[in-house]
Amino acid sequence: MSTRSGIGYDSHRFEPGRRLVLGGVEVPNARGLAGHSDADALTHALIDALLGAAGLGDIGQHFPDTDEHWKDADSLDLLSQVAVFLEEHGFTVVHVDASVVCESPKLGPFRDEMRRALASTMGVSARAVNVKFTTNEAMGWIGRGEGVAVMAVATVERAS
């Protein structure tokens with residue numbers, strides 16, 4: 001067995017009139033995240049971490065924002081495609097961990113639902129998915145409530 005890790009990062013600014021979707025879960029909020037797809041920064045960061053761990057590129061290569069096919073796409077559908085792609089290349093997801101940086105809304109009440117949605121989509125146990133939330137202590141663009149950033153790490157295994 002060969003074990004590999006990858007990191008992912010994504011950020012999106014808030015925009016009125018859009019849904020706020022993180023980890024495949026719609027969070028009630030007056031503003032959502034701007035983006036070509038549903039702008040699910042949590043799922044996007046996990047996708048990049050998984051692709052990076054497998055050495056299979058990044059989200060922009062597989063789902064470019066210049067392609068109308070991905071306009072308003074459900075990011076869990078993109079994650080599902082990545083999970084299949086990894087499997088086709090002999091990789092198994094072992095664990096993912098993400099930190100969501102956001103001043104508001106408070107996301108803790110949605111943690112378990114996010115973990116279940118992400119785990120189900122990747123075909124792993126919810127115990128293999130960890131999601132954490134923090135603020136930016138009122139500093140910078142995140143601290144001013146302008147958007148959300150997410151950092152993620154993924155661990156995958158491949159039979160030698």
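Located above this text is the structure these notes cover.
Counting starts from 1 at the beginning of each chain's written sequence and moves along it residue by residue. Under the rules for a predicted model, residues below a pLDDT of 70 receive no local features and side-chain atom pairs below 80 are neither given nor counted, while totals for whole chains, interfaces and linings still include all residues. Hydrogens and water are ignored here; the side-chain numbers use all heavy atoms of the structure.

Draft legend 1. A look at the overall build of the chain. Here a helix means four or more residues in a row that DSSP labels H or I, a strand means two or more in a row labelled E, and each is numbered from the N terminus. Secondary structure assignment for the chain yields five helices and seven strands. We compute the radius of gyration from the C-alpha atoms alone; for a globule the expected value is 2.2 Å times N to the 0.38, where N is the number of residues. Taken against the 2.2 N^0.38 rule, which gives 15 Å for 160 residues, the C-alpha radius of gyration of the chain at 15 Å falls within 12% of a compact globule. Taking the principal axes of its C-alpha atoms as reference, the chain extends roughly 45 × 35 × 25 Å. Burial classification: accessible surface area is computed with a 1.4 Å probe over protein chains only, and a residue below 20% of its type maximum counts as buried, one above 50% as exposed, and the rest as partly exposed. Per-residue burial over the chain gives 49% buried out of 160 residues. In this description, contact between two residues means that some pair of their heavy atoms is separated by no more than 4.5 Å. In the chain, the proportion of contacts linking residues at least 24 apart, taken out of those at least 6 apart, comes to 71%. Using a 1.4 Å probe, accessible areas were evaluated by the Shrake-Rupley method; residue-level cover was limited to the displayed protein chains. When the accessible surface of the chain is split by element, carbon and sulfur atoms take 48% of a total near 7700 Å². Put simply, the chain has 14 plus and 22 minus side-chain charges, and the middle of one group is 6 Å from the middle of the other. Charge assignment in this entry is limited to Lys and Arg as positive and Asp and Glu as negative, and neither His nor the chain termini are counted. Charged side chains are reduced to one point each, which is NZ for Lys, CZ for Arg, CG for Asp and CD for Glu.

Draft legend 2. Fine view of the environment of Glu137. Position of Glu137 relative to the elements: it lies in the loop between strand 6 (129–134) and helix 5 (140–143). Measuring from C-alpha to C-alpha, the distance between Glu137 and Met114 comes to 24 Å, with 23 residues separating the pair along the chain.

Draft legend 3. Fine view of the packing of helix 1 (residues 41–54) against helix 3 (residues 75–88). To obtain an axis, a line is fitted to C-alpha atoms, over the contacting stretch when the element is a helix, and the angle between two such axes runs from 0 to 180 degrees between their N-to-C directions. Closest axis-to-axis distance for the helix 1/helix 3 pair is 10 Å, and the angle between their directions is 10 degrees. Here helix 1 lies roughly parallel to helix 3, going by the angle between them. Here helix 1 contributes Thr43, His44, Ile47, Leu50, Leu51 and Ala54 to the contact with helix 3, which in turn contributes Ser75, Leu76, Leu78, Leu79, Val82, Phe85 and Leu86. Across the contact of helix 1 with helix 3, the residue classes break down as 10 nonpolar, three polar and no charged. Angular relationships are summarised with four words: roughly parallel below 35 degrees, roughly antiparallel beyond 145, roughly perpendicular across 65 to 115, and oblique for the angles in between. Residues are sorted three ways: Asp, Glu, Lys and Arg are charged, Ala, Val, Leu, Ile, Met, Phe, Trp, Tyr, Cys and Pro are nonpolar, and all the rest, Gly among them, are polar.

Draft legend 4. Up close: a nonpolar patch on the surface. By definition, no residue in a patch forms a salt bridge, and every one has over 30% relative accessible area; like charges are joined within 9 Å, nonpolar side chains (Val, Leu, Ile, Met, Phe, Trp, Tyr) within 5 Å. Salt bridge criterion: a side-chain nitrogen from Lys or Arg within 4 Å of a carboxyl oxygen from Asp or Glu. A surface patch of nonpolar side chains, about 310 Å² in accessible area, is lined by Tyr9, Trp141 and Met151. The topology assignment puts Trp141 in helix 5.

Draft legend 5. Quick look at the pairing of strand 5 (residues 91–101). The buried count for strand 5 comes to eight of 11 residues, which makes it a mostly enclosed element. Here, strands pair whenever DSSP counts at least two bridges between them. Pairing of strand 5 with strand 6 involves six bridges; the strand directions are parallel. Within the sheet, the bridge partner assigned to Asp97 lies in strand 6 and is Asn130.

Draft legend 6. Representation of the nonpolar core in the model. Core analysis: the largest hydrophobic core is formed by 49 residues, its most contacted members being Leu42, Leu50, Leu118 and Met122. Of all the secondary-structure elements, those providing two or more residues to this core are strand 2 (20–22), strand 3 (25–27), helix 1, helix 3, strand 5, helix 4 (111–122), strand 6 and strand 7 (147–158). Looking at this core, the element that brings in the most residues is helix 1, giving 10 residues. For Met122, the residues in contact, after removing those within four places along its chain, are Leu50, Leu79, Ala83, Val93, Val96 and Val129. Nonpolar cores were defined as sets of buried Ala, Val, Leu, Ile, Met, Phe, Trp, Tyr and Cys residues, with membership established by side-chain atoms within 4.5 Å.

Treat this as a map of the structure, not an account of what it does.
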